[in-house]
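Chain and residue survey
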Amino acid sequence: MDPTSKAQVTLIYIKATPLLGCIITTVPYFLFVAELIEKMAQGRGSAAETVIIGITLLGLMLHCEIVNAATYTVGDSGGWTFNVANWPKGKSFKAGDTLIFKYASSAHNVVAVDRNGYSNCKTPRGAKVYKSGNDQIKLAKGQNYFICNFPGHCESTMKIAVNAVLAAHFCVAVFKYIPSTQNVVVVDANGYTSCKTPTGAKVYTSGNDQITLAKGQNYFICSFSGHCAAGVKIAVNAL
Ligand SMILES: [Cu+2]
């Protein structure tokens, strides 16, 4: 008999694309090898028999969520006008959020500028000028600067600087298992390869752990004795 038979569980390998959400790229055979614990039960005068006393499957599901992009009216009810520069204060913006600039198109416009254009009220060559009076502009990751370039308006603080963070999506790995038989430990590449738990590693023990994946490689092992070496480990790449 083979005392080291292993079962395999399919896992979904996920690719997360900012703003577009998460796309399952491949569903290959992969991961979480179940451990068969074998016990030799020996009765007097009888042949040895194999008793499987535990089949511990580490079940893993991955799901991704997109935080819905938000829409903001610049200046709120006052719209895009003078002294609007403080309007972004206290708000948190994400890449992909939309700003709506409302104004009288005969009186103002909106120009997307760079940092220098914002600070010095200078319109860079080739800057994009919006003038519909109801302009919807999606925020790019990082700093977004807008001014009105009607003479003197930017100087009267008709300008805004908005920082948009890339936080519009995330993926969560859900680990399901029997807590008395497994755990989940967040490790680094070395810990994954050599089945060593780094000092201070985060250990999950609930049996239904929801762990938000970081961008890039994420490594998890079970730190119960011998489990990782038996294949209870996983590397998940969140792109
Ligand atoms: Cu203006």
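For the structure, check the block above.
Only a predicted model underlies this, so the values are computations on that prediction, with no experimental measurement involved. (Residues numbered from 1 in each chain as written. Predicted model: local features only at pLDDT ≥ 70, side-chain atom pairs only at ≥ 80, totals over all residues.)

Observations regarding the environment of phenylalanine 82
- Secondary-structure assignment places phenylalanine 82 in the loop between β7 (71–73) and β8 (93–94).
- Owing to 17 C-beta atoms within 10 Å, phenylalanine 82 belongs among the partly exposed residues under this scheme.
- Sequence separation between phenylalanine 82 and methionine 158 is 76 residues; the distance between their C-alpha atoms is 4.5 Å.
- Those residues within four positions of phenylalanine 82 in sequence are excluded, and the remaining contacts are His153, Ser156, Thr157 and Met158. (Helix = DSSP H or I, 4+ residues; strand = E, 2+ residues; numbered from the N terminus. Buried ≥ 20, exposed ≤ 12 C-beta atoms within 10 Å, placed from the backbone. Contact = placed C-beta atoms within 7 Å.)

A word on the sheet that holds strand β13 (residues 142–147)
- Pairing is mixed across the open sheet formed by 5 strands, whose spatial order is β8-β14-β13-β10-β11. Single-partner strands in this sheet number two, and they are β8 and β11 (129–130).
- In this sheet, strand β14 (residues 159–165) lies alongside β13 in antiparallel orientation, the contact comprising 6 bridges. Bridging from a neighbouring strand, phenylalanine 146 pairs with isoleucine 160 of β14. (Pairing = 2+ DSSP bridges.)

Quick look at the sheet that holds strand β9 (residues 98–102)
- The strand order β7-β9-β12 describes an open sheet built from 3 strands, whose pairing is mixed. For this open sheet the edge positions go to β7 and β12 (134–138), each flanked by a neighbour on one side alone. On average, adjacent strands in this sheet sit at an angle of 20° to one another, irrespective of strand direction.
- Taken together, the 3 bridges between β7 and β9 define a ladder with parallel strand orientation. By the bridge assignment, tyrosine 72 is partnered in β9 with leucine 99. (Axes fitted to C-alpha atoms, helices over the stretch in contact; angles between N-to-C directions.)

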